[in-house]
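# Architecture and fold: a report
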Amino acid sequence: MTIGTSATEIAVVTLFPGLVNAVGECGMTARAVSKGCLELSTYNPRDYTTDRHRTVDDRPYGGGPGMVLMSGPLDAAITDAVANIQSQQRVQVVYLSPQGQRLEHRLVCELASQPMVLVAGRYEGVDERLLQARVDREISIGDYVLSGGELAAMVVIDAVARQLPGVLGHQDSAAEESFAGTGLLEYPQYTRPENFQGMQVPEVLTSGNHEKIKLWRRYQSLERTWRRRPDLLENAQLSSEDNLMLKKIIKAARPNGSSES
Ligand code: ADE
């Protein structure tokens, strides 16, 4: 590990380090690691057990199905993970759980500015006292139950990594994509060939007229957001030109002024 690193440090406490490490070995997150923008490490609670069987779970008090992760090994793994983070900033301990705060763009940006230890649970859950004693916040990636927090931790890592300065190839990519900056969905993209199975690339995109392309893309962003995620329009930063465009979009979709799309 580098001393005095300026990378965003993320440690993951997990029983499946191989799964989590894979996120640092492929694609954009691998680039973030190799560029020194992101530092990833994993800590396996099984390595902090003291018994012959390396036990990390036990039956729930009060009965019921399944097993619960014990506090001791998780606590020791978190302590080691926090101690090995070089940053002088406070380390946030985050537990991935369907009961947590829903992950969305604003939260991703907030997380990107600080070092953290992500704790991935397994089985029926984690001893509540461990959460009380060690966890600062719980984060959910959606209203469904995964068999463990690893995939959720990987989602957090990927989303955070693309917000780190210097990670994305094009300087504007993070600012232009859906939810960033303006809070709108992204316009559609096309690449070669110009004709795919009889479907032509919109003419404006091959016109070379950058002003027209910009307007067309803005129109597409607004229309997509209005059709697919109208809830986003409430908080989007819209200029007066955007509002005019939006009126045009709605009028085109409802030529008789009907209230249905
Ligand atoms: N662990 C299990 N399900 C989860 C979810 N939906 N979000 C975050 N962590 C989880």
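Located above this text is the structure these notes cover.
None of the values given here were measured: they were computed from a predicted structure.

The subject of this paragraph is the overall build of the chain. Each helix and strand counted, the chain has 10 helices and 9 strands in total. Whereas a compact globule of 261 residues would reach a radius of gyration of roughly 18 Å, the chain reaches 23 Å, over 25% beyond that. If one aligns the C-alpha atoms of the chain with their principal axes, the spans along those axes are about 70 × 45 × 40 Å. Scored against the burial criterion, the 261 residues of the chain give a buried share of 40%. Summing over all exposed atoms, the chain offers an accessible surface of approximately 15,400 Å²; the carbon and sulfur share of this is 49%.

Let us now look at the sheet that holds strand β5 (residues 92-102). Across the sheet, 5 strands lie side by side as β2-β1-β6-β5-β7; this open sheet has parallel pairing. Two strands in the sheet have a free side with no partner beyond their single neighbour: β2 (38-43) and β7 (137-140). On average, each strand axis in the sheet is inclined to that of its neighbour by 35°, with strand direction left out of account. Strands in contact with helix α3 (residues 71-83) are β1 (8-13), β2, β5 and β6 (116-120); relative to β1, the strand with the most contacts, it is inclined by about 165°. Against the sheet, helix α4 (residues 105-112) engages β1, β5, β6 and β7, with an angle of about 135° to β7.

With 19 residues, helix α8 (residues 210-228) extends 26 Å between its outermost C-alpha atoms, agreeing within 8% with the 27 Å of an ideal straight helix rising 1.5 Å per residue. Along α8, the residues that are buried comprise Ile213, Trp216, Gln220, Ser221, Leu222, Glu223, Thr225 and Trp226. Buried residues along α8 sit against α9 (230-233) and α10 (240-253). Near the N-terminus of α8, the side chain that reaches the backbone nitrogen of glutamate 211, with its oxygen 3.2 Å away, is that of asparagine 209.

Rules and cut-offs
Residues numbered from 1 in each chain as written. Predicted model: local features only at pLDDT ≥ 70, side-chain atom pairs only at ≥ 80, totals over all residues. Heavy atoms only, no water. Helix = DSSP H or I, 4+ residues; strand = E, 2+ residues; numbered from the N terminus. Rg over C-alpha atoms; globule rule 2.2 N^0.38 Å. Buried < 20%, exposed > 50% of the residue type's maximum accessible area, 1.4 Å probe, protein only. Areas by Shrake-Rupley, 256 points an atom, 1.4 Å probe, with all protein chains shown as cover. Pairing = 2+ DSSP bridges. Axes fitted to C-alpha atoms, helices over the stretch in contact; angles between N-to-C directions. Contact = heavy atoms within 4.5 Å. Expected span 1.5 Å × (residues − 1). Polar contact = N/O pair within 3.5 Å; in protein donor to acceptor, adjacent residues only side chain to side chain.

By themselves, these figures tell us nothing about what the structure is for.
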